[in-house]
Every structure is written in C-alpha cells, then in structure tokens.
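# Observations on the model geometry
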Amino acid sequence: MDMSKGGRVILRPLSVQERIRELNFRARHFADTMLALQGHPRATSSSLGPRSLQCSPWSSPRILSPVDIRHFIASRSSDNLSLVPQRSEGGSPVRRRWSRKSLAKKSPDVELNSEETDRAIADISEELKEKLESLSLKGRAMDPYEAKTLVALLYASDEGVLERALVTLANLATMEINQNNLREGGCLHRLQNLLSHPKEEIRLASIRALGNLALNEENQREMKGVIPILLSFLTKRTREEEGEEIVEAVLTTLGNVAVLPNYHEEFYTYLHSLYALIDLESLPLQLQALKLLVNLSTNPEMVPSLLGAKAPIRLFYLLGRDGDVEVLLRLVTLLANLTTTAKSGKLKSGDLPHAEKAPSPDTL
C-alpha cells in the first residue's frame, strides 16, 4: 500500500515470494492449531538435526534400527512396511534445497467444535493438499514443520486425504529423523486411535505406518497402548473378521516391535495363537508368525513359555523337504534358539510356566 501521492491509497499486488511466505505461514499456523485442538502438548523448541539421509541403500527392503545392532542376536529380523518406492526421477533420494526455522513459536489455545474444525481445514485445503503431494513424491528427511503438517492431515474428515496421508507417512517413516519428528508431532497417539477406524483401508495403512515407526527405541516407549490392540487382531474370531492382509501387516508390525525386548511380556497369552498361525495354509502368515516367534525366542525369559505353549500340529510336515525354504529357515532357527537356551539353562518340564501351559503331549 502506497499513500505518498496526495493521500491516495494505491494497493500493490503481493510478489510471488511474499505470497509464498504468506501461504507457508498460514499452513504452519494451521498445523500447530490442529494439534492444539486435539490436546497434544506443544513441541519444545529444538534445532533441526543433521540434514543428511541415512547411509542405507535407497528403498532397502529392511529398516535399520536406530539402536546398536551389534547387541542383537543375528537371527532377529525386521521388515519395511513401505507401500510405494519413494524415488526421484534419477532414482536417488531428493536432497533438500531449502530449510525452515524450527517451530518454537507457540500457537494460541483455541477451542473449536467439529464444524469449525472442518471449516478451518477447508480454508487452506489447497495448501495442505499441495504439501501432501510434495511429501508423497519425495522420499527425504522432513523438518518438524513438515512432520506436523502431515500429522495434522491425519485428522482430515476426507477419507481419501486421510488414506493418502497414512501411506505417505508409512513411506517416510523408514528414516530415523522422520521417525523422531513424527513422534514429536503427536503421530503415535493418532495412529493408535485409527486402528479402530471403520474403513479397512485406513486400519491397514495405520498398522503399516506403526510398523515402520516401531523400529525406534524412543517411539517404542510411547507404544505401550498400541501393543494390546495389535495383539487382539491375532485371536481366531478377529482374524476371520479382518482378513489375511491386515493380519499379515499386524504380524509384521509386531515382529518389528519384538526386535527390542521392551514388550515381550505382552505376548505370553498369545503364543498359542502364534503357533496356530503356522498351521494355516497361508504362506505369508506362516512366515510372518515365524519371524515374530524367532524374535521372541532370542529372549531367554520367553523360552519357557514358548516351550510350554501348544506346538503346531504340522510341525514335522513343515520340516520336510517339500516345505517352503523361507519357512523352513525360520522354523529351524526358532528350534535352534529354543534348544540352545533350554540346554544352557538346564530347563526341565517342571520349569515350564503352568499358567498358559498346554497339556504335556501337546507342548513344543
């Protein structure tokens, strides 16, 4: 605005850079406001971490755990639950060409009802959709602002936008810096709530996102409420209601959780269900159940319960020559872990726990 000429008011259009700054400010304020509406604590001020990407090969089939892998027994396994390869046109990660200051500013305390929240989302929907498009096409490290924007999109009423945001989150959550920023943005609490979403595709995408976030020690400390919900999917009734694809994703996520021993005690009452999955004709469920059991068997405290649970009926058949090689490898590894611990600990039948113990002929 210019008032230098005789008191006349002249409105000048914003430049492209000024318009971009305005849109970024509105989107940043919206992300903070949405998280405040959902009751999340504000993020503490912190400087951005290193900009470089992890040194693992791009689109590697496994997630690298942030904890020291040398402390793991070699047989432990984890899986990447990314849905779409995140590559640039040249096939390598896209490096950041700009930086944004850390979000240390506090947003005002606001209380809005659902209609006002939806109206707030609609006001800047185009900016958010453009941001989602940008994040979904570039596999790279996010800064805290981008992570908060992605978490804010998890509250969208549009199921199409919600599912797209979940898929994007799952793909980006394979990097440690993104895992940390998403946790600090309040994503774990929201993903836990989405496990009960009425739409199957939303539940599946939420489980896969949790699977990639699980291989982070700090994230696992905040996932205590998630584990019982995931384990409930393994009961026969729930398994039949949900279908094979969701159960496979649950097993893979639990396998990633079980890389660390933090929540192994939660699995005690579900060991019978895990062994029962090995008897199914489904190769993916057999394989993921065995991967999870192998991870549990690396913990000596779990071995008595694993030996006392009801053994798979088709155990000797799966050990035959006609069985799948991957299944055979995991099954032999499981038995080796169990026998090694039983021998070193001089375990006897009387040492097996009575609470969940199967009748003597049926134990492993």
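The residue numbering used here restarts from 1 in each chain and proceeds along that chain's sequence as written. Note on the predicted model: pLDDT of at least 70 is required for a residue's local features to be given, and 80 or more for side-chain atom pairs to be given and counted; whole-chain, interface and lining totals, by contrast, use all residues. To get the side-chain values, take all heavy atoms of the structure and skip hydrogens and water.

A few words now on the overall build of the protein chain. For helices the rule is a DSSP run of H or I covering at least 4 residues; for strands it is a run of E covering at least 2, with both sets numbered from the N terminus onward. A tally of regular secondary structure across the protein chain gives 17 helices and zero strands. Considering the protein chain as a whole, with its 364 residues, one finds that 46% of them fall into the buried category. What makes two residues a contact is simply this: any of their non-hydrogen atoms within 4.5 Å. Counting contacts in the protein chain only where the partners sit at least 6 residues apart, residues at least 24 apart contribute 77% of the total. Accessibility throughout is a Shrake-Rupley quantity obtained with a 1.4 Å probe, and a residue counts as covered only by protein chains that appear here. Of the roughly 19,100 Å² of accessible surface on the protein chain, 52% is carried by carbon and sulfur atoms. The classification of residues rests on relative accessible area computed with a 1.4 Å probe and restricted to protein chains. Under 20% of the type maximum is buried, over 50% is exposed, and intermediate values are partly exposed.

Note that N299 resides in the loop between α14 (283-297) and α15 (303-308). For N299, a relative accessible area of 13% corresponds to the buried category. Dropping the residues within four chain positions of it, N299 is found in contact with P261 and H264.

Throughout, an axis means a line fitted to C-alpha atoms (over the contacting stretch in the case of helices), and angles, computed between N-to-C directions, take values from 0 to 180 degrees. The contact between helix α8 (residues 200-213) and helix α12 (residues 244-257) brings their axes to 8 Å, and the two run at 20 degrees. Taken as axis vectors, α8 and α12 run roughly parallel relative to one another. Handedness of the α8/α12 crossing: left-handed. On α12, the residues that touch E200, R203, L204, I207, R208, L210 and G211 of α8 are E245, I246, A249, V250, T253 and N256. Residue classes in the contact of α8 with α12 are distributed as six nonpolar, three polar and four charged. To sort the angles, those under 35 degrees are grouped as roughly parallel, those over 145 as roughly antiparallel, those from 65 to 115 as roughly perpendicular, and the leftovers as oblique. Note on convention: near helix rotated counterclockwise from far helix by under a right angle means a left-handed crossing. Clockwise means right-handed. We call Asp, Glu, Lys and Arg charged. Ala, Val, Leu, Ile, Met, Phe, Trp, Tyr, Cys and Pro are nonpolar, and the rest, Gly among them, are polar.

By the element assignment, L277 lies in helix α13 (residues 271-278). Under the relative-accessibility criterion, L277 is labelled buried at 0%. In the structure, L277 is positioned 43 residues away from L234 in sequence and 8.8 Å away in space, judged by C-alpha atoms. If we ignore the near neighbours within four places in the chain, the residues touching L277 are L234, R239, L251, Q286 and A289.

On to a nonpolar patch on the surface. A cluster of nonpolar residues, F316, L319 and V332, forms a patch on the protein surface that exposes about 310 Å² of accessible area. The residue V332 is located in helix α17 (residues 325-344) in this model. Distance thresholds for patches are 9 Å for like charges and 5 Å for nonpolar side chains (Val, Leu, Ile, Met, Phe, Trp, Tyr), applied to residues having over 30% relative accessible area and no salt bridge. The term salt bridge refers to a side-chain nitrogen of Lys or Arg lying within 4 Å of a carboxyl oxygen of Asp or Glu.

Given the number of residues in a helix, its expected span is that number minus one, multiplied by 1.5 Å. Look at helix α5 (residues 159-172): 20 Å from first C-alpha to last across 14 residues, which is about the 20 Å you get at 1.5 Å a residue. With respect to burial, α5 is a largely interior element, ten of its 14 residues being buried. Three or more residues of α5 are buried, namely V161, L162, A165, L166, V167, T168, L169, A170, N171 and L172. Among the residues of α5, the N-terminal cap falls to D158, whose side-chain oxygen and the backbone nitrogen of G160 are separated by 2.8 Å. Under the rule applied, a polar contact is a pair of N or O atoms within 3.5 Å (in protein, one hydrogen donor and one hydrogen acceptor; residues adjacent in sequence only if both atoms are side-chain atoms).

Okay, unusual backbone geometry next. One can expect most non-glycine residues to show negative phi and most peptide bonds to be in trans. With phi around 50 degrees, K346 is a residue other than glycine that occupies positive phi space. Inspection of the secondary structure assignment puts K346 in the segment after α17.

Turning to its location among the elements, D279 is positioned in the loop between α13 and α14. Of the side chains with opposite charge, R314 comes closest to the buried, unpaired D279, at an N-O distance of 5.2 Å. Reaching out from D279, the side chain makes a polar contact with the backbone nitrogen of I313 at a distance of 2.9 Å. Beyond its immediate stretch of four places on either side in the chain, D279 contacts P312, I313 and R314. The charge count includes Lys and Arg as positive and Asp and Glu as negative, but it does not include His or the ends of the chains.

What follows deals with the confidence of the model for the protein chain. As a per-residue quantity, pLDDT reports the predictor's confidence and falls between 0 and 100. With 61% of its residues at a pLDDT of at least 70, the protein chain reaches an overall mean of 75. Taken as a whole, residues 42-74 scores under 50 in pLDDT and shows 63 contacts with residues more than four places along the chain or in a different chain. A low-confidence stretch, residues 84-112 stays under pLDDT 50, and its non-local contacts, those more than four residues away or across chains, total 62 contacts.

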